[in-house]
Amino acid sequence: MKMLQRSALAAVMLMTAVFVTSCNNDDDNSTPAKPSIYARLGGTTMVNDPDNPGQMIEQGRLSYRKVVNTTVGLIVADIQAGASGNLSAHFAPVLAEVGAGNTTNLAILVDNLTDFFSFNTGGTNAVNTYTGLNMVDAHNPATNPRMGVKSTNADYTKFVGYVGAAAQQNGVAANTELYTDIVAVLESLRAPIVQQ
């Protein structure tokens, strides 16, 4: 009787092994998951931080910081040039501080944007933790003194254009899947940001 039980058990185990193996073979034909945007921007590879000699930074975070800094530069250039549809009203509080020599809140804004985009696109290390306001509060002057006015759809479209141009200036070609994915993240934020 024990011999029969062992034979039955062995048969069940063999059938289970065949079933599991065949399931695993099916899984091998599946498409691998696409790497996160953060990973495609360099991910967790450590590189020298060009802004802080002697320090290292994750390449993904550095890529975002470069895009954020370039975006800020493009916004300021349009404001200074009086370009049509510039975002001066949105950033008036921060620009006034910078004009008076205080760059503290500008640095906080750049860090918050870098944290936000790094964390929400695959940067899982603690350095990328976003602790700022939620998107509704961050873009409402009543809850964020660094915001001058609420955004319209046209304002946000202008902002997305600045980020797109900044991404291109930092090596992300407009005709790539990476660029499209970055714009998709920005578009997913339109509803909570546009409040007017």
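So, a few notes on the structure that sits alongside this text. Keep in mind that this is a model prediction, so the values were computed, not measured. (Residues numbered from 1 in each chain as written. Predicted model: local features only at pLDDT ≥ 70, side-chain atom pairs only at ≥ 80, totals over all residues. Heavy atoms only, no water.)

This part covers the overall build of the chain. Helix and strand counts for the chain stand at nine helices and two strands. If you list the helices and strands of the chain from N to C, you get α-α-β-β-α-α-α-α-α-α-α. For the chain, with 196 residues in total, the buried portion stands at 32%. Intrachain contacts of the chain at a sequence separation of at least 6 include 58% that bridge at least 24 residues. For the chain, the accessible surface area stands at approximately 11,400 Å², while carbon and sulfur atoms represent 60% of it. (Helix = DSSP H or I, 4+ residues; strand = E, 2+ residues; numbered from the N terminus. Buried < 20%, exposed > 50% of the residue type's maximum accessible area, 1.4 Å probe, protein only. Contact = heavy atoms within 4.5 Å. Areas by Shrake-Rupley, 256 points an atom, 1.4 Å probe, with all protein chains shown as cover.)

Another aspect to go through is helix α8 (residues 177–188). Relative to the 16 Å expected for 12 residues at 1.5 Å per residue, α8 spans 16 Å between its end C-alpha atoms, a close match to the ideal helical length. For α8, the full list of buried residues reads Leu-178, Tyr-179, Asp-181, Ile-182 and Leu-186. Projected down its long axis, α8 shows its buried positions confined to an angular sector of 165°, all on one face. Turning to α8, the residues buried within the fold contact α2 (37–40), α5 (104–120), α7 (153–169) and α9 (190–193). (Expected span 1.5 Å × (residues − 1). Arc of directions from axis to C-beta.)

Looking at the element boundaries, Pro-50 is found in the loop between β1 (46–48) and β2 (56–58). Residue Pro-50 is classed as exposed on the basis of its relative accessible area of 53%. Placed 12 residues apart in sequence, Pro-50 and Leu-62 show a C-alpha to C-alpha distance of 9.0 Å.

Attention now moves to the nonpolar core. Ile-75, Tyr-156, Phe-159, Val-172, Leu-186 and Leu-189 are the most contacted members of the largest nonpolar core, which has 28 residues in total. With seven residues, α7 is the single largest residue contributor to this core. Residues contacting Leu-189, with those up to four places away along its chain left out, are Phe-116, Phe-117, Met-135 and Tyr-156. (Core = buried A, V, L, I, M, F, W, Y, C linked by side-chain atoms within 4.5 Å.)

All right, on to the packing of α7 against α8 then. Relative to each other, α7 and α8 sit at 155°, their axes nearing to 11 Å. By the angle class used here, α7 and α8 are roughly antiparallel. The two elements α7 and α8 cross, and the hand of that crossing is right-handed. Across from Tyr-156, Phe-159, Val-160, Val-163, Gly-164 and Gln-168 in α7, the residues of α8 making contact are Tyr-179, Val-183, Leu-186 and Glu-187. Tallied by class, the residues present in the contact of α7 with α8 amount to seven nonpolar, two polar and one charged. (Axes fitted to C-alpha atoms, helices over the stretch in contact; angles between N-to-C directions. Parallel < 35°, antiparallel > 145°, perpendicular 65-115°, else oblique. Left-handed = near helix turned anticlockwise from the far one by under 90°. Nonpolar A, V, L, I, M, F, W, Y, C, P; charged D, E, K, R; others polar.)

With that out of the way, let us pick up the side chain of Thr-114. Relative to the helices and strands, Thr-114 is located in helix α5. Among the polar contacts listed, one links the side chain of Thr-114 to the backbone oxygen of Val-110, at a separation of 2.9 Å. Those residues in contact with Thr-114, other than ones at most four positions away along the chain, are Arg-61, Tyr-64, Arg-65 and Val-68. (Polar contact = N/O pair within 3.5 Å; in protein donor to acceptor, adjacent residues only side chain to side chain.)

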